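A look at the structure
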Amino acid sequence: MDRFVSQFSLLPTTCISDAMNGLNNLHPSIKPLKEEYKLAGRAFTVQIPVGDNLAVLKAIREAKPGDILVVDAKGDTYRAIAGDFVVGMMQTLGIGGLVVDGVIRDIVGIKQLNFPVFCKGTTVAASGKAGIGEINIPISCGNISVQPGDLIVGDADGVVVVPQTVEQEVLAKAVEKLKKDEEREAKIVGNPEAAKKHLDKLLSQ
């Protein structure tokens, strides 16, 4: 795990989002299948047409351990891009997680794997394998541009994308935001007078 992935993995997505002014969050419909799921890693991007997942299989074969598969499935919620067997192969090969602007199937089996999957939900219909699609190219996922190698961080609140060009700056801002949040919480929570003063300060601005 590279240094930036390791450090970002310790931060909540809310602080990372705040460090980017809330501009690089995937659409809030893309959520973890379990609230406890977290992921952090480099994007291995996949672009597929609706209903064809052969490029997903190619990505599984070519991605490096720790990579996050980020799949542009055009937001389709009728055909699944993967089921429990395919997701199980991702886990077996050490992939760090799956983020898809679309849906999966075999949700019970996938949850039993305890492998972090972030998606729009589940369906019963499978995809075909006509062979159309591309990997490791710039894509749009959840209305956000994702470049191969961008840093992907996900938790119960959603998924954020940190472009490689600004990851050092964003990391510093996110760490500072977390520190300030923790200091504020320690000072105010459980202290009615401090809470009132804080509210008065906010309302007077």
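Before reading on, note that the structure itself is shown above.
Report on the accompanying structure. Nothing here was measured: the structure is a model prediction, and the numbers come from that model.

1. Considerations on the overall build of the protein chain
Each helix and strand counted, the protein chain has seven helices and ten strands in total. Computed over C-alpha atoms, the radius of gyration of the protein chain comes to 19 Å, within 12% of the 17 Å expected from 2.2 N^0.38 for 205 residues, which places it in the range of a compact globule. The dimensions of the protein chain, computed from C-alpha atoms along their principal axes, are 65 × 35 × 30 Å. Residues counted as buried form 47% of the 205 residues belonging to the protein chain. Excluding contacts between residues fewer than 6 apart, the proportion of contacts in the protein chain whose partners are at least 24 apart in sequence is 73%. For the protein chain, the exposed area adds up to about 10,600 Å²; of that, 53% sits on carbon and sulfur atoms. In the protein chain, the 23 positive side-chain charges and the 25 negative ones have mean positions that sit 1 Å from each other.

2. Description of the layout of surface pockets
In this model, the largest pocket occupies a volume close to 230 Å³. Around the largest pocket, the lining comprises 15 residues; the ones closest to its centre are R42, K64, P65, G66 and D67. A per-element tally of the lining of the largest pocket places strand β2 (residues 39-47) first, with five residues. Considered class by class, the residues forming the lining of the largest pocket number six nonpolar, four polar and five charged.

Criteria and cut-off values
- Residues numbered from 1 in each chain as written.
- Predicted model: local features only at pLDDT ≥ 70, side-chain atom pairs only at ≥ 80, totals over all residues.
- Heavy atoms only, no water.
- Helix = DSSP H or I, 4+ residues; strand = E, 2+ residues; numbered from the N terminus.
- Rg over C-alpha atoms; globule rule 2.2 N^0.38 Å.
- Buried < 20%, exposed > 50% of the residue type's maximum accessible area, 1.4 Å probe, protein only.
- Contact = heavy atoms within 4.5 Å.
- Areas by Shrake-Rupley, 256 points an atom, 1.4 Å probe, with all protein chains shown as cover.
- Lys, Arg positive; Asp, Glu negative; His and termini not counted.
- Charge placed at Lys NZ, Arg CZ, Asp CG, Glu CD.
- 1 Å grid on protein atoms, 1.4 Å probe; cavity = no way out; pocket = protein on both sides within 12 Å on 5 of 7 lines; lining within 4 Å.
- Points joined across faces, edges and corners; volume = space filled by probe spheres on them.
- Nonpolar A, V, L, I, M, F, W, Y, C, P; charged D, E, K, R; others polar.

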